[in-house]
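Observations on the model geometry
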Amino acid sequence: MFGKSLDFFAMLGLLGLIGMNIKNAIVLVDEIGLQLNAGLSPVNAVDRGPTKTRIVPVTMASGTTS
C-alpha cells in the first residue's frame, strides 16, 4: 500500500492486532450472552451488557496495544 514490503515484524504486529480484536469481540459477545441468561431482552442485553460494563476495558486494551 505504501510501497514497502511486509517483513516478519510487521506481520507479527498485524497478527497481534487481529488477535486482540477477535478477543475483544468474543468478550463483548460473551457479556451479551450473560445478560441474556440473566433475563434481559435482547435489545436491553445489547444496550446494557457491553456498553456499560466491558466497553471501557476493551477500548483501553485496544488503545494501548495499537
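Residues numbered from 1 in each chain as written. Predicted model: local features only at pLDDT ≥ 70, side-chain atom pairs only at ≥ 80, totals over all residues. Heavy atoms only, no water.

1. As for the overall build of the chain
Across its full length, the chain carries two helices and zero strands. What you see for the chain is a C-alpha radius of gyration of 16 Å, clearly larger than the 11 Å of a compact globule of 66 residues, by over 25%. Principal-axis analysis of the C-alpha atoms places the extent of the chain at approximately 50 × 15 × 15 Å. Out of the 66 residues belonging to the chain, those deemed buried represent 14%. With the model as given, the accessible surface of the chain reaches about 5,100 Å², and the carbon-plus-sulfur share is 70%. (Helix = DSSP H or I, 4+ residues; strand = E, 2+ residues; numbered from the N terminus. Rg over C-alpha atoms; globule rule 2.2 N^0.38 Å. Buried < 20%, exposed > 50% of the residue type's maximum accessible area, 1.4 Å probe, protein only. Areas by Shrake-Rupley, 256 points an atom, 1.4 Å probe, with all protein chains shown as cover.)

2. What to know about a nonpolar patch on the surface
Taken together, Leu14, Leu15, Ile18, Ile22 and Ile26 make up a surface patch of nonpolar side chains, about 500 Å² in accessible area. Within the secondary structure, Leu15 sits in helix α1 (residues 8-37). Given the relative accessible area of 61%, Leu15 is considered exposed. (Patch = residues over 30% accessible without salt bridge, like charges linked within 9 Å, V, L, I, M, F, W, Y side chains within 5 Å. Salt bridge = Lys/Arg side-chain N within 4 Å of Asp/Glu carboxyl O.)

3. Some remarks on the packing of aromatic side chains
On inspection of all chains with the given rule, the structure shows one aromatic pair. Considering the side-chain rings of Phe8 and Phe9, the 5.4 Å spacing of their centres and the 70 degrees angle between planes classify their relative orientation as edge-to-face. Neither residue differs from the other here; Phe8 and Phe9 are each classed as exposed. (Phe/Tyr/Trp six-rings, centres within 6.5 Å; stacked < 30°, edge-to-face > 60°.)

4. Concerning α1
With 30 residues, α1 ought to run about 44 Å at 1.5 Å a step, and its terminal C-alpha atoms sit 43 Å apart, in line with that. Taken together, the buried positions of α1 are Met20, Asn24, Leu28, Glu31 and Gln35. (Expected span 1.5 Å × (residues − 1).)

5. Description of the environment of Met11
Looking at where Met11 falls in the secondary structure, it is placed in helix α1. Residue Met11 is classed as partly exposed on the basis of its relative accessible area, which comes to 42%. C-alpha separation for the pair Met11 and Ser41, spaced 30 residues apart in sequence, amounts to 41 Å.

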